[in-house]
Amino acid sequence: MNILLCLLVTLLGTTVGILFSWIPALHIYNILALIIFIESEFYILPLNLLPYFFTGAIVGYSFTGIIPAVYFSTNDDSTLFYLLPAQKFLLYGRAHEAVLLSTIGSVGAAFIVLISAAYLPFILPPLRDLLTPHMAWIIASVGAFMILSEWPRTTDRPKTPLGRLKEAWGSLIIGILVFTLSGILGYIVLRGGLMKPETSFQNLMPLFLGLFAVPWLTINVISKPIIPIQNTENKVVTNYTRILRGIFAGSLGGGIAAFFPVITGGVGAFLAGHATAQRGDDIFLIGQGANRFLYYVGGFLLFFVPFLHIRRGGAAWMLNILYTPQTFSEYFLIIGSLLISSFIALFFTLKISIVIAKNIHRVPYKNLSITILIFVIFLTFIVTGFEGLLILIVSSAVGLLPPLFGTRRLNCLGALILPLTIQMSSFAQSFAKLMGF
């Protein structure tokens, strides 16, 4: 195989990932789905080069995709934890520093991939064989832990027993309600039948936009935050010890999310946070960068690991339609491609961040949020039609419950955990009958 040609295709994919990933509400999987459709019809790229295009696009998204979360408050399931610390940095004029910290974590995760690459073909296949029969109860345990780890958000101590009961259980009940409602909605959406066949492959798009992006944009419109002038120096307030701690925690969460089905980047970060008990916004943002990189890029890499070839994430599932990896040389060439792509994506992510940081205070943030909100609605309609808009409205109503009642937004990921746990269990048919399917 021509290595130079593979590199050029990787650079092309990285360019596509960078160009589209910083646009709010646009996921790289939407772009790759379009690429697969074009490729299946017109065969623009030889099939053996398609993986390198996908690699570059996903790496570009894993880096540049943090910009919408930091500056515009639009996020996906892997960046839902970014919002509170990122908004704090934005309101303090340090949004570019937040991007820097996140990219430090991403670069650290890329080096972890390089160091561990030679061992993965010998460690992961037996681990997969050991855990596969137990996946249903493992995923169910994660969902149970999410609910059990909820705690009251208020700090005042009411004087009456009824007041103390309300304080203790108010946010907890809403958290359980959000998990249940999002889970039932996710089950209905994933089960199919709501959307037309030609748009059903994008059924998760309006669901996740409604659960995560629309609520925060709505809060921005209501609260009218004032964005100060941003500092654009390439400096961070941290140290090497905290950097290593952040990379370790993020890599643990991203590795869990990449390897286990259903476990998204947000859930992986949540589990790793409880396991490592890290504190501090700098460690947190570094960890989120590492977590995001391993969730997307590491999960995609598992498709190429010899003796494993498991499909994690939409990119691997789409690529599997047209291509199957077969040799060790493909595996190591993909690793080399993603490392080169990482440094290119790092450079352009920081440049884009500086440009936005220098200008974001010039635009009223309320107007910016309204514009992005309109764009989200328009994009949903263009891609998924009226049926997608209906899902967007319902999921937005569920997604607004956490910020309004002070519970965790993480509970919205019941939209994936609950339906897929049911699907993997022995009572899937009974539950389907109960739901009328």
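(A) Just the nonpolar core, in detail. Of all hydrophobic cores here, the largest spans 124 residues; its most connected members are Leu32, Phe54, Tyr71, Val267, Phe293, Leu338 and Ile360. With 12 residues, the single largest contributor to this core is helix H15 (residues 328–359). In this structure Phe54 touches Leu32, Ile35, Ile36, Phe300, Ala315, Met318 and Leu319, once residues within four positions along its chain are discounted.

(B) Up close: a nonpolar patch on the surface. Taken together, the side chains of Tyr119, Phe122, Ile123, Phe307, Phe328 and Phe332 define a hydrophobic patch exposed on the protein surface, amounting to about 680 Å² of accessible area. Of all the elements in the fold, those that place two or more residues in the nonpolar patch are helix H7 (120–131) and H15. Relative to the helices and strands, Phe332 is located in helix H15. On the basis of relative accessible area, Phe332 is assigned to the partly exposed category, the value being 41%.

(C) Layout of the pattern of salt bridges. Under the counting rule described, the total for this entry stands at five salt bridges. The salt bridge involving Lys88 is made with Asp281; its shortest N-O contact spans 2.8 Å. With Lys88 in helix H5 (residues 83–91) and Asp281 in helix H13 (residues 281–301), this pair connects stretches of sequence that are 193 residues apart. In this structure, Arg94 and Glu97 form a salt bridge, with 2.8 Å as the shortest nitrogen-oxygen distance. Note on Glu97: relative accessible area 8%, which makes it buried.

(D) Here's a closer look at unusual backbone geometry. For Phe307, which is not a glycine, the phi torsion comes out positive at approximately 70°. With respect to the helices and strands, the residue Phe307 is situated in the loop between H13 and helix H14 (314–319). Taking relative accessible area as the criterion, Phe307 reaches 54% and is therefore assigned exposed. Phi is positive for His309, close to 50°, though the residue is something other than glycine. His309 sits in the partly exposed class, given a relative accessible area of 28%.

(E) Focus on H7. Relative to the 16 Å expected for 12 residues at 1.5 Å per residue, H7 spans 16 Å between its end C-alpha atoms, a close match to the ideal helical length. Structurally, H7 contributes buried residues whose contacts are with helix H6 (95–116), helix H8 (135–148), helix H11 (240–259) and H15.

(F) Molecular detail of the packing of H11 against H13. At a minimum axis separation of 7 Å, H11 and H13 run at an interaxial angle of 35°. Here H11 and H13 pass one another in a crossing that is right-handed. Residues Arg242, Ile243, Arg245, Gly246, Ile247, Gly250, Ser251, Gly253, Gly254, Gly255, Ala257 and Ala258 of H11 pack against Asp282, Ile283, Ile286, Gly287, Ala290, Asn291, Leu294, Tyr295, Gly298 and Gly299 of H13. For the contact of H11 with H13, a count of residues per class yields nine nonpolar, 10 polar and three charged.

(G) Structural detail: helix H16 (residues 365–405). When the terminal C-alpha atoms of H16 are compared, their 24 Å separation across 41 residues is substantially less than the 60 Å that a helix rising 1.5 Å per residue should span. A positive backbone phi angle near 75° is found at Gly406, which sits one or two residues after H16.

(H) Geometry of the environment of Ile67. Here Ile67 shows up in helix H4 (residues 66–72). Counting along the chain gives 44 residues from Ile67 to Ile23, while the straight-line C-alpha distance between them is 8.6 Å. The contacts of Ile67, once residues within four sequence positions are left out, are Trp22, Phe72, Thr349, Ile352, Ser353 and Ile356.

(I) Fine view of the packing of aromatic side chains. Applying the stated criterion across every chain yields a total of 15 aromatic pairs. Arranged with centres 4.9 Å apart and planes meeting at 70°, the rings of Phe381 and Phe386 form a pair that is edge-to-face. Classification of Phe386 by relative accessible area gives exposed; the value is 62%. Above the face of the Tyr61 ring, Arg292 is positioned so that its terminal group lies 4.6 Å from the ring centre.

(J) Seen up close, the environment of Val9. On the secondary structure map, Val9 appears in helix H1 (residues 3–21). Separated by 308 residues in the primary sequence, Val9 and Trp317 have C-alpha atoms spaced 20 Å apart. In this structure Val9 touches Leu45, Leu49, Tyr52 and Phe53, once residues within four positions along its chain are discounted.

(K) Layout of the environment of Ala33. With respect to the helices, strands and loops of the structure, Ala33 is situated in helix H2 (residues 28–42). For Ala33, a relative accessible area of 12% puts it in the buried group. It is 35 Å that separates the C-alpha atoms of Ala33 and Ala275, two residues lying 242 residues apart in sequence.

(L) Expanded view of the packing of helix H9 (residues 161–191) against helix H17 (residues 414–424). Between H9 and H17, the shortest axis-to-axis distance is 7 Å and the interhelical angle comes to 65°. Note on packing geometry: the crossing formed by H9 with H17 is right-handed. On the side of H9, the interface is formed by Phe179, Thr180, Ser182, Gly183, Ile184, Gly186, Tyr187, Leu190 and Arg191, while H17 contributes Gly414, Ala415, Leu416, Ile417, Leu418, Pro419, Ile422 and Gln423. A breakdown of the residues in the contact of H9 with H17 according to their chemical character gives 10 nonpolar, six polar and one charged.

Cut-off values and rules
Residues numbered from 1 in each chain as written. Predicted model: local features only at pLDDT ≥ 70, side-chain atom pairs only at ≥ 80, totals over all residues. Heavy atoms only, no water. Core = buried A, V, L, I, M, F, W, Y, C linked by side-chain atoms within 4.5 Å. Buried < 20%, exposed > 50% of the residue type's maximum accessible area, 1.4 Å probe, protein only. Helix = DSSP H or I, 4+ residues; strand = E, 2+ residues; numbered from the N terminus. Contact = heavy atoms within 4.5 Å. Patch = residues over 30% accessible without salt bridge, like charges linked within 9 Å, V, L, I, M, F, W, Y side chains within 5 Å. Areas by Shrake-Rupley, 256 points an atom, 1.4 Å probe, with all protein chains shown as cover. Salt bridge = Lys/Arg side-chain N within 4 Å of Asp/Glu carboxyl O. Expected span 1.5 Å × (residues − 1). Axes fitted to C-alpha atoms, helices over the stretch in contact; angles between N-to-C directions. Left-handed = near helix turned anticlockwise from the far one by under 90°. Nonpolar A, V, L, I, M, F, W, Y, C, P; charged D, E, K, R; others polar. Phe/Tyr/Trp six-rings, centres within 6.5 Å; stacked < 30°, edge-to-face > 60°. Lys NZ or Arg CZ within 6 Å of the ring centre and 35° of its normal.

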